[in-house]
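# Survey of secondary and tertiary structure
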Amino acid sequence: MNICDLAPKYIRAIMPYQPGKPISELAREMGLDEHAIVKLASNENPLGPSPLALAAMTRALQEAALYPDGSGFELKAALSQRYVVSSEQIVLGNGSNDVLELAARVFLKPGASAIYSQHAFAIYPLVTQAVGASGIAVPATKYGHDLDGMLDAVTPETRVVFIANPNNPTGTLLAAADLLRFLQRVSPDVLVVLDEAYNEYLPDTAKPDSIAWLKRFPNLLITRTFSKAYGLAGVRVGFGLAREDVAGLMNRVRQPFNVNSIGLVGAVAALEDVEFVKRSYALNRAGMMQITTGLRRLGIEYIPSYGNFLSFRVNGGNAGAVYQSLLKQGVIVRPIGIYEMPEHLRVTIGLESQNQKFLQSLERAIGESV
Ligand SMILES: *Cc1c(COP(=O)(O)O)cnc(C)c1O
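Residues numbered from 1 in each chain as written. Predicted model: local features only at pLDDT ≥ 70, side-chain atom pairs only at ≥ 80, totals over all residues. Heavy atoms only, no water.

### Points about unusual backbone geometry
- Pro166 follows Asn165 through a cis peptide bond whose omega is -5 degrees.
- Note on placement: Pro166 falls in the loop between strand 5 (158–164) and helix 8 (176–185).
- Residue Asn168 is joined to Pro169 through a cis peptide bond whose omega torsion reads 15 degrees.
- If you trace the backbone, Pro169 turns up in the loop between strand 5 and helix 8.
- Even without glycine at this site, Val84 takes up a positive phi of about 55 degrees. (Helix = DSSP H or I, 4+ residues; strand = E, 2+ residues; numbered from the N terminus.)

### What about helix 8?
- Within the sequence span of helix 8, burial applies to Leu179, Phe182 and Leu183. Buried residues along helix 8 cover an arc of 95 degrees about the axis, so they all sit on one side. (Buried < 20%, exposed > 50% of the residue type's maximum accessible area, 1.4 Å probe, protein only. Arc of directions from axis to C-beta.)

### A few points about the pattern of salt bridges
- As enumerated under the stated definition, the model contains 11 salt bridges in all.
- A salt bridge links Lys21 to Glu29, with the nearest nitrogen and oxygen atoms 3.0 Å apart.
- For Glu29, a relative accessible area of 48% puts it in the partly exposed group.
- A salt bridge links Arg224 to Glu196, with the shortest nitrogen-to-oxygen separation between them at 2.8 Å. Remark: Glu196 occurs in the loop between strand 6 (191–195) and helix 9 (210–213) and Arg224 occurs in strand 7 (residues 220–225); sequence separation between them is 28 residues.
- On the accessibility criterion, Glu196 (1% relative accessible area) is buried. (Salt bridge = Lys/Arg side-chain N within 4 Å of Asp/Glu carboxyl O.)

### Topic: the layout of surface pockets
- Taken as a whole, the largest pocket holds about 630 Å³ of empty space.
- Taken together, 32 residues line the largest pocket, and the ones lying closest to its centre are Tyr17, Asn97, Phe121, Lys228 and Arg236.
- The greatest single-element share of the lining of the largest pocket, amounting to 5 residues, is contributed by helix 6 (residues 123–130).
- Shared between two domains, the lining of the largest pocket holds at least three residues of each, these being domain 1 (3–48 + 275–369) and domain 2 (51–273).
- Here the second largest pocket defines a volume of roughly 530 Å³. (1 Å grid on protein atoms, 1.4 Å probe; cavity = no way out; pocket = protein on both sides within 12 Å on 5 of 7 lines; lining within 4 Å. Points joined across faces, edges and corners; volume = space filled by probe spheres on them. Domains from an automatic or database assignment.)

### Observations regarding the side chain of Arg254
- Along the chain, the position of Arg254 falls in the loop between helix 10 (244–253) and helix 11 (261–272).
- Although Arg254 is buried, it forms no salt bridge, and the closest oppositely charged side chain is Asp98 at an N-O distance of 7.2 Å.
- A polar side-chain atom of Arg254 sits 2.8 Å from a polar atom in the side chain of Asn251.
- Setting aside residues no more than four positions away along its own chain, Arg254 makes contact with Gly70, Val91, Leu92 and Leu102. (Lys, Arg positive; Asp, Glu negative; His and termini not counted. Polar contact = N/O pair within 3.5 Å; in protein donor to acceptor, adjacent residues only side chain to side chain. Contact = heavy atoms within 4.5 Å.)

### What to know about the sheet that holds strand 5
- Taken in spatial order, the 7 strands line up as 2-8-7-6-5-3-4 in an open sheet, and their pairing is mixed. Every interior strand has two partners, whereas the edge strands, strand 2 (90–93) and strand 4 (134–138), have only one. Going across the sheet, the axis of each strand differs from the next one's by a mean of 20 degrees, ignoring polarity. (Pairing = 2+ DSSP bridges. Axes fitted to C-alpha atoms, helices over the stretch in contact; angles between N-to-C directions.)

### Thoughts on the site of the ligand
- Around the ligand, the neighbouring residues are Gly95, Ser96, Asn97, Phe121, Asn168, Asp195, Ala197, Tyr198, Thr225, Ser227, Lys228 and Arg236.
- Asn168 places a side-chain nitrogen or oxygen 2.7 Å from an oxygen atom of the ligand.
- Take Arg236: an N or O atom from its side chain is 2.7 Å from an oxygen atom of the ligand.
- Computed on the free molecule, the ligand has an accessible area of 390 Å², of which 94% lies beneath the protein chains in the complex.
- Counting atoms within 2 Å of the grid points, the majority share of the ligand lands in the largest pocket. (Near = heavy atom within 4 Å. Areas by Shrake-Rupley, 256 points an atom, 1.4 Å probe, with all protein chains shown as cover. Sits in = over half its atoms within 2 Å of the grid points.)

### Examining the domain arrangement of the protein
- One can read the domain layout of the protein as domain 1 (3–48 + 275–369) and domain 2 (51–273).
- Just the C-alpha atoms count here: the centres of domain 1 and domain 2 sit 24 Å apart.
- Carbon and sulfur atoms make up 65% of the area that domain 1 and domain 2 hide from each other, which totals about 2700 Å².
- A per-residue breakdown of the area domain 1 buries against domain 2 is headed by Tyr10, Tyr306 and Tyr339, which together make up 24% of the total.
- For the side of domain 1 that touches domain 2, the element with the most residues is helix 12 (residues 274–297), which contributes 8 residues.
- Residues that form the side of domain 1 that touches domain 2 fall into these classes: 17 nonpolar, 11 polar and 6 charged. (Buried area = accessible area lost by both parts, 1.4 Å probe. Nonpolar A, V, L, I, M, F, W, Y, C, P; charged D, E, K, R; others polar.)

Right under this line is the structure:
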């Protein structure tokens with residue numbers, strides 16, 4: 001008997017998560033210069049970290065021998081002021097993925113179920129399966145969440161519904177009124193996890209007033225991250241907002257030092273760097289326009305996106321060959337076959353020059369693949 005055979009079956013059945021290919025790996029594989037490679041595969045901020053955050057983190061390195069503040073006092077104070085919630089309503093995470101996992105560990109167990117949409121963020125099935133609960137994927141409508149279908153899928157065993165708004169990798173956005181109607185109709189016995197990782201990329205008019213909903217719905221958990229518009233994906237900071245009792249349970253399960261000291265300091269500074277977030281938003285809008293215009297010119301179908309990325313369909317369905325050809329040209333995008341979108345590729349909006357290199361390389365890749 002192999003020791004691994006004794007691990008729970010639901011653990012052994014987990015498919016490993018496929019992250020975007022790192023620049024260093026592609027450079028090694030293809031013998032390319034790292035500087036010549038454009039990575040548009042993981043929805044990272046092409047501007048890098050907020051300069052205020054970078055300065056604060058550089059100073060904080062001096063203190064790296066000390067454990068971080070396990071309560072995250074200063075970051076919680078800053079978040080509490082920004083979002084007008086109490087510190088007790090906040091759960092800090094090693095990225096928001098950590099918060100999603102905490103929600104699963106607190107509310108799910110074998111025999112319970114979680115609901116998410118087809119084509120929704122891959123971490124939802126992963127954290128569900130890791131605690132032995134069953135996942136129910138509800139078929140999407142036009143690549144977006146079918147909230148009525150998700151409501152119908154709720155059973156007495158359902159404890160969590162994951163909703164990504166905007167969703168990754170489809171970039172689809174739910175209307176605030178539809179989300180609100182869902183919250184009003186879903187059983188209060190079900191935790192609704194509203195994942196707003198791309199919230200900062202929404203125009204103000206499209207932002208749902210989700211945080212205000214916390215007062216009305218004790219079963220709502222909102223997750224946000226410093227990985228995208230704040231440019232801090234590498235230091236791993238995210239957070240959840242919920243009612244005090246829900247946040248309290250999640251904080252009990254949380255590892256005492258789950259957020260590192262560099263990330264804590266960087267996040268506080270990044271939150272203050274309003275100008276940087278504005279700049280990230282504006283760059284993304286311009287880049288989205290540049291890429292959609294380019295794709296239309298190439299006759300390539302895409303799903304209109306509210307995030308900092310875009311999924312497009314490779315004509316003829318040969319996404320694998322186009323992905324490989326892009327790699328050879330030093331451009332890393334993301335295949336999304338695991339999202340049941342084998343004919344699509346996802347590209348992150350980059351700097352103008354990166355977007356241009358992507359479009360030129362794509363044109364060549366498509367020429368080769370026909
Ligand atoms: C990128 C992303 C996150 C953020 O993950 P972190 O762990 O905070 O880096 C969360 N949800 C979705 C849908 C994402 O695409």
